[in-house]
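Understanding the architecture of this molecule
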Amino acid sequence: MQTKQRIDEIESALKSEGDQYLDFLANKEKIERILELQEKKDVLILGHNYMIPLVYQLSGQQYRGDSLGLSREAAKAKNQIILFNGVVFMAETAKILNPEKKVLISDLEAGCSLADPFRAKDVLEYKARFPRIPVVTYINSYADVKAETDYCCTSANALKVVEHAAKEFGVDRVIFLPDSFMGKNIEDEFNLEGKKIDVIYPGKYDKNFGRCEVHEKFTLEMIIDIRKQFNMPKNATSTAVLAHWECRSEVLREADFYGSTTGMGRYLKAHPELKKAYLATECEMAANLASEFPNIEFVRACSIFCQHMRKITLDKILHGLENEVYEVFVEESIRRKALVSIERMLALK
Ligand code: 13P
Ligand code: SF4
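Residues numbered from 1 in each chain as written. Chains lettered and ligands numbered in written order. Predicted model: local features only at pLDDT ≥ 70, side-chain atom pairs only at ≥ 80, totals over all residues. Heavy atoms only, no water.

1. Describing the overall build of the protein
Scanning the protein from N- to C-terminus turns up 15 helices and twelve strands. Taking 20 Å as the expected radius of gyration for a compact globule of 349 residues, we find that the protein reaches 20 Å, a close match to that expectation. Seen along its three principal axes, the alpha-carbon backbone of the protein occupies a region of about 55 × 55 × 30 Å. Residues counted as buried form 59% of the 349 residues belonging to the protein. Sequence separation of 24 or more characterises 66% of the internal contacts of the protein that already satisfy a separation of 6 or more. Looking at the protein as shown, the accessible area adds up to about 14900 Å², and 51% of this sits on carbon and sulfur atoms. Put simply, the protein has 49 plus and 53 minus side-chain charges, and the middle of one group is 3 Å from the middle of the other. (Helix = DSSP H or I, 4+ residues; strand = E, 2+ residues; numbered from the N terminus. Rg over C-alpha atoms; globule rule 2.2 N^0.38 Å. Buried < 20%, exposed > 50% of the residue type's maximum accessible area, 1.4 Å probe, protein only. Contact = heavy atoms within 4.5 Å. Areas by Shrake-Rupley, 256 points an atom, 1.4 Å probe, with all protein chains shown as cover. Lys, Arg positive; Asp, Glu negative; His and termini not counted. Charge placed at Lys NZ, Arg CZ, Asp CG, Glu CD.)

Laid out in C-alpha cells, this is it:
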C-alpha cells in the first residue's frame, strides 16, 4: 500500500482521539519517513497490541495483534526484512520461523519479567524432577528455553495446548513454565470445566515464582474499587471489566471476561451494548482499542504500563530502519530445536 494511503488511514483512525491525534500531527513527518522506508525496503512491520498508538498504527490492520496472531503472520512472511514492534522474545520467535530473513527490533533491550530470569537450565531442572511429563512453555521465553520445551503456547491458546500435550503424552500432568499466575489460572479453568489435569507451575511444588511485573499490579481490591468508583457492577450489560490471563486468579474471578489481548478485543466486538470498559492489562491496549470502539469509554490507569514495550519509539524505529540495525540472531542448533515447539503450537488450529 502506498505511503500516502497509509498516512491517511492512520490520520482517520486517530482523528477522534484528541491527544493521540495531536501526537500524530507532531510526528507526521517521522511516520511518513518510516512508511517510505518500509515501502522502499519491502519491510513487514508487525506490531503488538501494547505498542503506543503511533507505533501500533504503523502496522496495517492484519499485522497488529497478540503474540499468537503475530507469530502466525511472521510464519507467512514473504518480505526479506521483518520489523517487530514488540519485545525481544517476540522478534526472536519471528527469527526462529524465518532464519533466512533479517528480523529487526528497534531496541534489543526490550525484555520481559517472565522471560528474562528463566533459562534453559531451569527447564532442565523441571524435566529432571518430573520425567516423562510434557513441558509447555509460554511464548514469553527465549529461544534456549523453547529449545528444551515440547510445546510453545500463548495466552490465546494455552488451554488448548496444555490439554493437547497431556493427551499426546498419555498423562494427566503438564509442566507449565514460567508464569505462576497463568499456570494456576489454567489449572483453575480445567477444574471449572471438570477436567482433571495437574498443572505443574513454578511455585506449586517449589519456591520458584514467575510473574509479569505489569499484570501482578492488578489486585482484587483495586478491581472492586474501580467497579464502585466508575459505576461498573459485575455482570452489567453496559459496562465490563476485562482481565488478561497473566493476572492473579482472584482478579480473573472478579472480571466479567478474561483472555488474551486479542480475546479482549473480540469480547468488545461481540458486545455492542457496552458503553464503558476497564481492562486489567497494559494501558496502551485500551488506548489502541479506543479508536476502534468510539462508543466505549475506556477507564484507564496509565501508571500500569510495560517498561519493556515502552522502549519501542518512533525515533528508534526510524534509526533502525534507516541503518538496518538492531538485528535479532538465534544460534542455529538452538533455533532448530526451538522451532519444533513453535511449529507444534502453530499446527493446532
Ligand atoms: P498476548 O499473547 O495476549 O498478546 O500477551 C503477550 C504479553 O506479553 C502479555 O503481557
Ligand atoms: Fe512481559 Fe508483562 Fe511486559 Fe508482557 S506486559 S512483555 S508479560 S513484562
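2. What to know about the site of ligand 1
Neighbouring ligand 1 are His48, Tyr50, Asp66, Ser67, Asn140, Ser155, His215, His244, Glu246, Ser260 and Thr261. Contact distances for ligand 1 include 2.6 Å between an oxygen atom and a side-chain N or O atom of histidine 48. When isolated, ligand 1 has an accessible area of 300 Å², and the protein chains bury 96% of it. Residues of the shell around ligand 1, tallied by class, amount to one nonpolar, eight polar and two charged. (Near = heavy atom within 4 Å. Polar contact = N/O pair within 3.5 Å; in protein donor to acceptor, adjacent residues only side chain to side chain. Nonpolar A, V, L, I, M, F, W, Y, C, P; charged D, E, K, R; others polar.)

3. Considering the state of the cysteines
The tally for this structure, following the rule as stated, stands at one disulfide. Residue cysteine 152 stays outside any disulfide, its sulfur separated by 6.4 Å from that of cysteine 153, the closest cysteine. (Disulfide = S-S within 2.5 Å.)

4. Things to note about the pattern of salt bridges
Tallied over the entire structure, the rule returns 32 salt bridges. Residue arginine 227 is joined to glutamate 254 by a salt bridge in which the shortest nitrogen-to-oxygen separation is 2.9 Å. Separated by 27 residues along the polypeptide, arginine 227 in helix 10 (residues 220-229) and glutamate 254 in helix 11 (residues 249-254) bring together distant segments of the chain. Owing to a relative accessible area of 7%, arginine 227 belongs among the buried residues under this scheme. The class for glutamate 254 is buried, based on a relative accessible area of 15%. In this structure, the salt-bridge partner of glutamate 284 is arginine 300, at a minimum N-O distance of 3.7 Å. (Salt bridge = Lys/Arg side-chain N within 4 Å of Asp/Glu carboxyl O.)

5. Points about the site of ligand 2
Looking at ligand 2, the residues that line it are Tyr50, Cys112, Ser113, Leu114, Asn140, Cys212, Val214, Glu246, Cys306, His308 and Met309. When grouped by side-chain class, the residues that make up the shell around ligand 2 number seven nonpolar, three polar and one charged.

6. Quick look at the sheet that holds strand 10 (residues 257-259)
Sheet strands line up and pair through hydrogen bonds in the backbone, either parallel or antiparallel. On the basis of which strands lie adjacent, the open sheet formed by four strands has the order 10-9-11-12 and parallel pairing. What marks the edges here is a single partner per strand, and that holds for strand 10 and strand 12 (297-299). Adjacent strand axes in the sheet meet at a mean angle of 25° when their direction is disregarded. Sitting on the sheet, helix 10 touches strand 9 (239-244) and strand 11 (276-280), and the angle it makes with strand 11 is about 170°. Those strands touched by helix 12 (residues 261-270) are strand 9, strand 10, strand 11 and strand 12, and its axis lies near 165° from that of strand 9. (Pairing = 2+ DSSP bridges. Axes fitted to C-alpha atoms, helices over the stretch in contact; angles between N-to-C directions.)

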